[in-house]
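One-letter residues, chain by chain:
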Amino acid sequence: MSEANYQDRLDTQWQIGAGAVVELFSRSLAYLWPQRKLFTARVGLLIVIYGLGLLLPWFLKILVDHGVMQQPIQGAEQQLLYPVFIEPFLNFVGGMDPLAITLYTLIGLAVLFFFVGYSGNTLLEANLAEGADVATQSENKISAGTSAAHGIVGLLDLGVAIRLSQRITNHVRSELFGRLSHQSMTSLNLQRTGDALFRVLHDAPSVAAICHALTLNPLAMIVSVAANLWVLIAVYGAVAPELVWIGLSAVVLTLLATSPLARWARRISQASRASGSATTNEIEEGLKNVAAVQSLGNTELQRHRFATASKESFKQSLLLAWVVRAVEWIAENVHLVFATAGFWVIFSGIIRGELTLGDAPVVLRMYSLLYETSMQFGRIWIDQQDNAAAARRVFFSMDHHRESVGEHDAGLKSMHLENEFTLRLDHVSYRYPDGRQVLTDVSLEARSGEVLAIAGPSGSGKTTLAYLIPRFLVPEQGQVSINNVDLNELDLDALRKRVTYVFQEHQLLSDTVAANLRVANPDATEAEMTRVCELAGALDFVRDMPMGFDSYIGRGGATLSTGQKQRLSIARGLLRDAEILILDEPTSALDPESEQILLNSLVAPSKRLTIVITHRVDVILRANRVVFLEQGRIVEIGSPTDLSRRSDSRLRQIIEQSLREYE
């Protein structure tokens, strides 16, 4: 798998060995503990199903030998081959004529079929039709459920199985989404949206599949094999001991024959999932940027990119299907060899008179269960390679550069709008993962009630500096603190409740105006929304919309102008009413009148610390202090008045340049 094919920027070292697969399985099984009640219920139901299923073939033997063939039960000259658990029924019908025996046996079979059906040889499944690709198969894994029984018990068992799969998948998806949302800003900038969607939607269900495959499925196999071996040994051990060894040999041979394909299956599954996520990413990117693509006349290029990704996804799905079919072909041929040997033992015993005709359905059913279970057990390792590939992708995203959440909110408890607080950066440096040095030895102090402007040319590190305050980024060197407490030691959620960041790129939901505003404050009243919209200069256009605050806006705010999106984003930031407000180029798309309304609201007396990243001279001059950055270093800091008086100051140069442009 190449980076060019699948566009991965983070998850590039995806090949894993058998030891790592075992670790993935162990981590996946931990998700069973929160669902231990459902798991225990399934274990109990499995025991009931296989316990009742043991009775079925013996009722068939009674029908054949004592109903149709009319062999006597009581006073029989030869020893009757029956297990101890069927003796109470034999004692009940022992003195009856063949017709009565047949009637009561059929009634017994009807009762068993009502509860468990033909238990063991048929499956009750929740799966819908699916394709060979991992995406459609994952939809079945979300609500995966099978039961070894039909009837009432089978339906109950199926319902519990589905619920168990759903709860595990929901747990994994919720945790994965939460971890993705707490990744570092550098990781989020590299993470492809389509890839993240694929991992949450299509990879996460495989964890539940692993939990079933490595616990309940083997348990069902062990119960089935143990029960059938016990009956075979107890009843037929002296007559046909070869059946036991034939069945057990099938386990070993199937495992040895398919194990060499495990690594290949895991690699192909990984490639199939990566190519599938690349296709999802092309869809998301193409639709998200459809306006830009159309404006540049490159819709054909975008279509070609998607077609290429889709073709590669189909290719990898086909390869995965071939691997699965190869495993099935090997297992079926193993079955052919051992089935032939088993049938020879059974029918030669009947011919010699060691077994009766009624023993045929009993032994055939038990041998069938024994063999099929053995074959499934031998395929557990190979069958789980696809799920292992998916689980690796899930846990990689969970673990990749996740933000440290901190342990306490000391230092934030006294940080309220009515109290004074201090934000400090001490000798802070930051380097991006690609090696670029963005900030170097930056020291700065800001207090509540200030309006601090951060200015400088593009690429000077203004946004990076601001990202350190809500801990979107963590400094490589130095310390950022509030009230002398390092931000790295603070609870991340508690910190971000006190810091509102309004990004330069407007990030709006495809929902109502009110829903977009209430992202900042879910309990905001209409009066509060009206107030902040008025401060941000957004109230007029909101009132002009058909349903006011209940009006819907397009994807990403597409039905609004750039200036309207900016004003609405600023209003949302103000609605948060946080102690620190950071605005990244807040007036870049505003007309002069809207800009003045916003500036008046920002410089109004307040206990809030307002930090504004800007190029606009009007904004800089309204601030209490200005920090000027160049090449990641602070070259000057002070009040606009003091700096503008210095002939060599950067601020004065900006003012003079602005005046020349105005003239």
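Just above sits the structure.
Residues numbered from 1 in each chain as written. Predicted model: local features only at pLDDT ≥ 70, side-chain atom pairs only at ≥ 80, totals over all residues. Heavy atoms only, no water.

**Q** In this structure, what is going on with the packing of aromatic side chains? I would like to understand it.
**A** Each aromatic ring pair is described using two quantities: the centre-to-centre distance and the angle formed by the ring planes. Applying the stated criterion to the full structure yields 14 aromatic pairs. With a centroid separation of 5.7 Å and 20° between ring planes, the pair formed by Phe472 and Phe503 is classed as stacked. Pair noted here: Phe472 is in the loop between α19 (462-467) and β6 (477-482) and Phe503 is in the loop between β8 (499-502) and α21 (513-517), with a separation of 31 residues, a long-range link. Stacked on the ring of Trp33, the Lys or Arg Arg36 has its end atom at 4.2 Å from the ring centre. Seen from the ring of Tyr82, Lys61 lies directly overhead, with NZ or CZ sitting 5.0 Å from the centre. (Phe/Tyr/Trp six-rings, centres within 6.5 Å; stacked < 30°, edge-to-face > 60°. Helix = DSSP H or I, 4+ residues; strand = E, 2+ residues; numbered from the N terminus. Lys NZ or Arg CZ within 6 Å of the ring centre and 35° of its normal.)

**Q** Can you walk me through the packing of helix α22 (residues 526-535) against helix α24 (residues 562-576) in this structure?
**A** Two measures define how a pair of helices packs: the angle their axes make with one another and the distance between the axes. With their axes 8 Å apart at the nearest point, α22 and α24 run at an angle of 125° to one another. Judged by the angle between their axes, α22 and α24 are oblique. Here α22 runs over α24; the crossing is right-handed. Taken together, the residues of α24 that come into contact with α22 (itself represented by Glu528, Met529, Val532, Cys533 and Leu535) are Ala571, Leu574 and Leu575. Residues of the contact of α22 with α24, tallied by class, amount to seven nonpolar, no polar and one charged. (Axes fitted to C-alpha atoms, helices over the stretch in contact; angles between N-to-C directions. Parallel < 35°, antiparallel > 145°, perpendicular 65-115°, else oblique. Left-handed = near helix turned anticlockwise from the far one by under 90°. Contact = heavy atoms within 4.5 Å. Nonpolar A, V, L, I, M, F, W, Y, C, P; charged D, E, K, R; others polar.)

**Q** What's the story with the pairing of strand β4 (residues 437-447) in this structure? I'm lost.
**A** Along any regular strand the residues' side chains alternate between the sheet's two faces. Direction of pairing for strand β3 (residues 422-431) relative to β4: antiparallel, over a ladder of seven bridges. Within β4, the residue paired with Leu423 across the bridge is Ala446. Counting the residues that bridge the hairpin from β3 to β4 gives five residues, and of these Gly435 lies at a positive phi of roughly 100°. (Pairing = 2+ DSSP bridges.)

**Q** Explanation requested: the sheet that holds strand β12 (residues 633-638) in the structure shown.
**A** Strand pairs in the sheet, formed through backbone hydrogen bonds, run parallel or antiparallel to each other. Read across the sheet, six strands follow the order β8-β9-β10-β5-β11-β12 without closing on themselves; strand pairing throughout is mixed. Of all strands in the sheet, those with a lone pairing partner are β8 and β12, marking the two edges. Each strand axis lies, on average, 15° off the axis of its neighbour in the sheet, ignoring direction. Summarising the sheet, strand β5 (residues 451-455) and strand β11 (residues 625-630) pair through four bridges and their orientation is parallel. Directly across from Leu452, in β11, lies its bridge partner Arg625. The strands touched by α24 within the sheet are β8 and β9 (580-584), with β8 carrying the most contacts at an inclination of about 180°.

**Q** Looking at this model, I keep getting lost on the pattern of salt bridges. Mind explaining?
**A** For side chains bearing opposite charge, pairing can occur when the charged atoms are close. Counted under the stated rule, the structure contains 11 salt bridges. Among the ionic pairs, Asp65 bridges to Lys61, the shortest N-O distance being 2.9 Å. A residue pair is termed a helical-turn pair when its members lie 3 or 4 positions apart in one helix, as Asp65 and Lys61 do in helix α4 (residues 56-68) at four residues. Both residues of the pair, Asp65 and Lys61, count as buried. (Salt bridge = Lys/Arg side-chain N within 4 Å of Asp/Glu carboxyl O. Buried < 20%, exposed > 50% of the residue type's maximum accessible area, 1.4 Å probe, protein only.)

**Q** For this particular structure, what's the right way to read unusual backbone geometry?
**A** Positive phi outside glycine occurs at Glu585, with the angle close to 50°. Residue position: Glu585 is located in the loop between β9 and α25 (592-603). Looking at Glu585, the relative accessible area reads 6%, which means it is buried. Its identity is not glycine, yet Gln631 carries a phi of approximately 50°, on the positive side. Relative to the elements of secondary structure, Gln631 occurs in the loop between β11 and β12. Taking relative accessible area as the criterion, Gln631 reaches 71% and is therefore assigned exposed.

**Q** Hey, could you run me through the nonpolar core in this one?
**A** Most often, soluble globular proteins have nonpolar side chains that are buried together. Formed by 41 residues in total, the largest nonpolar core has its most connected members in Val513, Leu517 and Phe549. With sequence-adjacent residues up to four places away left out, Phe549 is seen in contact with Thr512, Val513, Ala514, Leu517, Glu526, Met529, Thr530, Cys533, Leu539 and Val542. Membership of the second largest hydrophobic core comes to 36 residues, among which are Leu452, Ile580, Ile611 and Leu629. (Core = buried A, V, L, I, M, F, W, Y, C linked by side-chain atoms within 4.5 Å.)

**Q** What is the right way to look at the sheet that holds β4 in this model?
**A** Sheet architecture is open: four strands sit in the order β4-β3-β6-β7, paired in antiparallel fashion. The open sheet terminates on both sides in strands that have one partner only, identified here as β4 and β7 (485-486).

**Q** What exactly am I supposed to notice about α24 here?
**A** Counted at 1.5 Å a residue, the expected span for α24 with its 15 residues is 21 Å, and the 22 Å between its end C-alpha atoms agrees. The element α24 is extensively covered by neighbouring structure, given that 13 of its 15 residues are classed as buried. Looking at the residues trailing α24, positive phi occurs at Asp577, about 55°. (Expected span 1.5 Å × (residues − 1).)

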